[in-house]
Amino acid sequence: RLARDWGKALKSANEIAEGLGTFLTGNRIGFETLEKGGLGIRITGVEAKSGFLNFVANLADEDSLSCSCERNGGKKKKATQHNAVEEGPPKRTLTMEMMPSTFLQEEYELFCRYQQSVHKDKENDVESYKGFLVETPIEYESVQGCSSSSRQSNRDSPPSVHMPCEIPAFQGYGAFHQQYRIDGKLVAVGVVDVMANCLSSKYFFWDPDYAFLELGKISSLAEIDFVKLAHREQRGLHYYYQGFYIHTCPKMAYKADYKPAELLCPTSLTWVNFDEGLRQKMKQSQGRMLVLAESGFQGLYQDEEKRCAQLVEEFTRLGDLKCMLHDKFVLFRSLLEWAKGDYKEMLKIQAGKWMASCGSEASSGMIYKLA
């Protein structure tokens with residue numbers, strides 16, 4: 001039986017191979033697709049045998065063939081035909097340019113492609129784009145003679161081991177667009193503010209076709225290197241700001257991967273070391289307002305608990321809280337009419353903690369969304 005089943009499988013494989021071979025022989029497009037693989041061959045025929053396809057091919061250009069092998073104690077020797085060129089795809093060149101913020105059609109079109117592909121945002125008119133990433137209250141201020149000296153300093157510096165492109169020189173202060181190009185093609189833009197003490201990274205958008213390059217990571221490392229190099233000429237410029245950190249949002253939480261770093265406590269307005277212990281503390285807080293700076297601020301957390309208890313007890317403000325459930329708006333007091341027992345009390349405490357952390361006045365103009 002096993003031999004019979006194997007015979008049937010072999011016959012089926014032969015039929016598939018013969019059918020595919022007949023198709024390829026009568027369809028030159030299939031051959032052309034295989035020839036585009038860059039191997040420098042031209043397919044002249046195909047033969048089906050024992051369930052396999054054997055291709056008959058000739059070298060389209062003998063000068064394009066090269067190979068390498070290990071010989072003589074591991075040293076590589078290249079075997080070539082007719083002075084062959086090096087094998088592999090052609091090298092690509094990544095460049096980075098920096099210019100004062102201005103509207104460029106090329107950048108706007110790339111922004112629209114990025115928004116549609118990554119954020120599913122199809123409504124991106126020119127004026128909205130300008131208001132978001134071009135117009136700025138920060139005036140451009142050039143520093144006399146800094147560009148040439150910074151450029152020479154960058155050239156004299158040893159190349160960064162992690163950067164595939166040269167970092168542009170410090171030009172002055174203001175809002176800038178950092179253009180990333182591969183062989184001249186615009187593939188990404190970083191929007192930054194360069195100020196007296198820091199570079200603030202505002203936004204970064206990239207060509208969806210180049211997502212596999214993870215250009216966002218390259219831009220972060222490039223911006224860090226820019227600050228380090230600019231600091232040699234402008235001693236006050238020594239901080240790199242990545243903007244807001246949102247622990248529960250993956251598109252914002254990546255910022256914690258760049259270390260060492262500090263996080264601004266929203267309660268005490270003091271900078272604290274952003275280590276793994278703090279990340280775990282934020283995870284356990286489940287989105288509640290958190291006092292990051294421990295020293296001297298424990299009382300604030302206790303006050304928040306008291307405010308929560310008061311809100312739950314009096315219930316007037318808590319009952320007027322506007323909620324969203326399944327894309328529909330409803331007052332919290334109406335929502336509780338559908339809840340019973342322990343679940344009802346849990347909802348009141350949960351909403352009370354949220355209102356206490358946001359503040360009664362601020363939360364009155366906000367929407368409390370329930371999953």
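Our structure is the block above this text.
Fair warning: this is a prediction, and the values are worked out from it, not measured in the lab.

**Things to note about helix α3 (residues 105-118)**
Since one α-helical turn is 3.6 residues long, residues separated by three or four positions face the same way.
And step 1. With 14 residues, α3 ought to run about 20 Å at 1.5 Å a step, and its terminal C-alpha atoms sit 20 Å apart, in line with that.
And step 2. Along α3, the residues classified as buried are Glu-107, Tyr-108, Leu-110, Phe-111, Cys-112, Tyr-114 and Gln-115.
And step 3. On the buried face of α3, the contacting elements are α4 (126-134), β7 (172-182), β8 (185-194) and β9 (198-206).
And step 4. Of the residues one or two after α3, Lys-120 is the one with positive phi, at around 55°.

**Considering the pattern of salt bridges**
And step 1. The full count for this structure, using the stated rule, is 11 salt bridges.
And step 2. Residue Arg-181 is joined to Glu-97 by a salt bridge in which the shortest nitrogen-to-oxygen separation is 3.9 Å. Placement of the pair is Arg-181 in strand β7 and Glu-97 in strand β5 (residues 94-100), with a sequence separation of 84 residues.
And step 3. The exposure class of Arg-181 is buried, given its relative accessible area of 13%.
And step 4. The exposure class assigned to Glu-97 is partly exposed, which follows from its relative accessible area of 37%.
And step 5. Residues Glu-106 and Arg-181 are paired through a salt bridge, measuring 2.9 Å at the closest nitrogen-oxygen approach. Residue Glu-106 is located in helix α3, and its partner Arg-181 is located in strand β7; the two are separated by 75 residues in the primary sequence.

**Re the pairing of β9**
And step 1. The buried fraction of β9 is high, at 7 of 9 residues.
And step 2. Summarising the sheet, β8 and β9 pair through 7 bridges and their orientation is antiparallel. Each residue of the ladder has a partner; that of Val-191, found in β9, is Tyr-203.
And step 3. Between β8 and the antiparallel strand that follows it, β9, lie 3 residues.
And step 4. As paired elements, β9 and strand β10 (residues 239-241) share 3 bridges and run parallel to each other. Bridge assignment links Cys-198 to a residue of β10, and that residue is Tyr-239.

**Digging into the sheet that holds strand β14 (residues 328-331)**
And step 1. Within the open sheet, the 3 strands sit side by side as β14-β13-β15. Their pairing is mixed. Whereas interior strands pair on both sides, the edge strands pair on one side only; in this sheet they are β14 and β15 (368-370). Between one strand axis and the next, the sheet turns by 35° as a mean value, whatever way the strands run.
And step 2. Alignment of strand β13 (residues 322-325) against β14, held across 4 bridges, turns out to be antiparallel. Residue pairing in the sheet places Met-324 in a bridge with Phe-329 of β14.

**Points about a negative patch on the surface**
And step 1. Negative charge collects at one region of the surface, where Glu-123, Asp-125, Glu-127 and Glu-135 lie side by side.
And step 2. With respect to the secondary-structure elements, Glu-135 resides in the loop between α4 and β6 (141-142).

**Comments concerning the environment of Tyr-240**
And step 1. When you line up the elements, Tyr-240 lands in strand β10.
And step 2. Sequence separation between Tyr-240 and Val-194 is 46 residues; the distance between their C-alpha atoms is 9.6 Å.
And step 3. In contact with Tyr-240, other than residues within four places in its own chain, are Leu-199, Ser-201, Ser-220, Glu-223, Ile-224 and Val-227.
And step 4. A polar contact of 2.6 Å, which involves the side chain of Tyr-240, links it to the side chain of Glu-223.

**Concerning the pairing of β8**
And step 1. Along β8, 9 of the 10 residues are buried, which leaves the element largely enclosed by surrounding structure.
And step 2. Sheet topology places β7 next to β8; 9 bridges connect them, and they run antiparallel. For Arg-181, the partnering residue across the bridge sits in β8 and is Leu-186.
And step 3. Counting the residues that bridge the hairpin from β7 to β8 gives 2 residues, and of these Asp-183 lies at a positive phi of roughly 50°.

**Here's the deal with the packing of aromatic side chains**
And step 1. If you walk through the whole model with that rule in mind, you get 19 aromatic pairs.
And step 2. Aromatic side chains Tyr-108 and Tyr-129 sit 5.3 Å apart centroid to centroid with 55° between the ring planes, which places their arrangement in the tilted category. Of the two residues, Tyr-108 sits in helix α3 while Tyr-129 sits in helix α4, which places them 21 residues apart along the sequence. You'll find Tyr-108 and Tyr-129 in the same group, each marked buried.
And step 3. Pairing Trp-354 with Tyr-368 gives two aromatic rings, centres 5.0 Å apart and planes at 45°, and the pair type is tilted. Of this pair, Trp-354 sits in helix α12 (residues 341-358) while Tyr-368 sits in strand β15; the two residues are 14 residues apart in sequence, bridging distant segments of the chain. For the pair Trp-354 and Tyr-368, a shared accessibility class is recorded, and that class is buried.
And step 4. In textbook terms, an aromatic cluster arises when at least three aromatic residues are bridged by ring pairs, as seen for Phe-103, Tyr-108, Phe-111, Tyr-114, Tyr-129, Phe-132, Tyr-203, Phe-205 and Trp-206.
And step 5. Lys-130 extends its terminal NZ or CZ atom over the ring of Phe-103, reaching a point 4.9 Å from the ring centre.

Calculation criteria
- Residues numbered from 1 in each chain as written.
- Predicted model: local features only at pLDDT ≥ 70, side-chain atom pairs only at ≥ 80, totals over all residues.
- Heavy atoms only, no water.
- Helix = DSSP H or I, 4+ residues; strand = E, 2+ residues; numbered from the N terminus.
- Expected span 1.5 Å × (residues − 1).
- Buried < 20%, exposed > 50% of the residue type's maximum accessible area, 1.4 Å probe, protein only.
- Contact = heavy atoms within 4.5 Å.
- Salt bridge = Lys/Arg side-chain N within 4 Å of Asp/Glu carboxyl O.
- Pairing = 2+ DSSP bridges.
- Axes fitted to C-alpha atoms, helices over the stretch in contact; angles between N-to-C directions.
- Patch = residues over 30% accessible without salt bridge, like charges linked within 9 Å, V, L, I, M, F, W, Y side chains within 5 Å.
- Areas by Shrake-Rupley, 256 points an atom, 1.4 Å probe, with all protein chains shown as cover.
- Lys, Arg positive; Asp, Glu negative; His and termini not counted.
- Charge placed at Lys NZ, Arg CZ, Asp CG, Glu CD.
- Polar contact = N/O pair within 3.5 Å; in protein donor to acceptor, adjacent residues only side chain to side chain.
- Phe/Tyr/Trp six-rings, centres within 6.5 Å; stacked < 30°, edge-to-face > 60°.
- Lys NZ or Arg CZ within 6 Å of the ring centre and 35° of its normal.

Any link to function would need more than the numbers given here.
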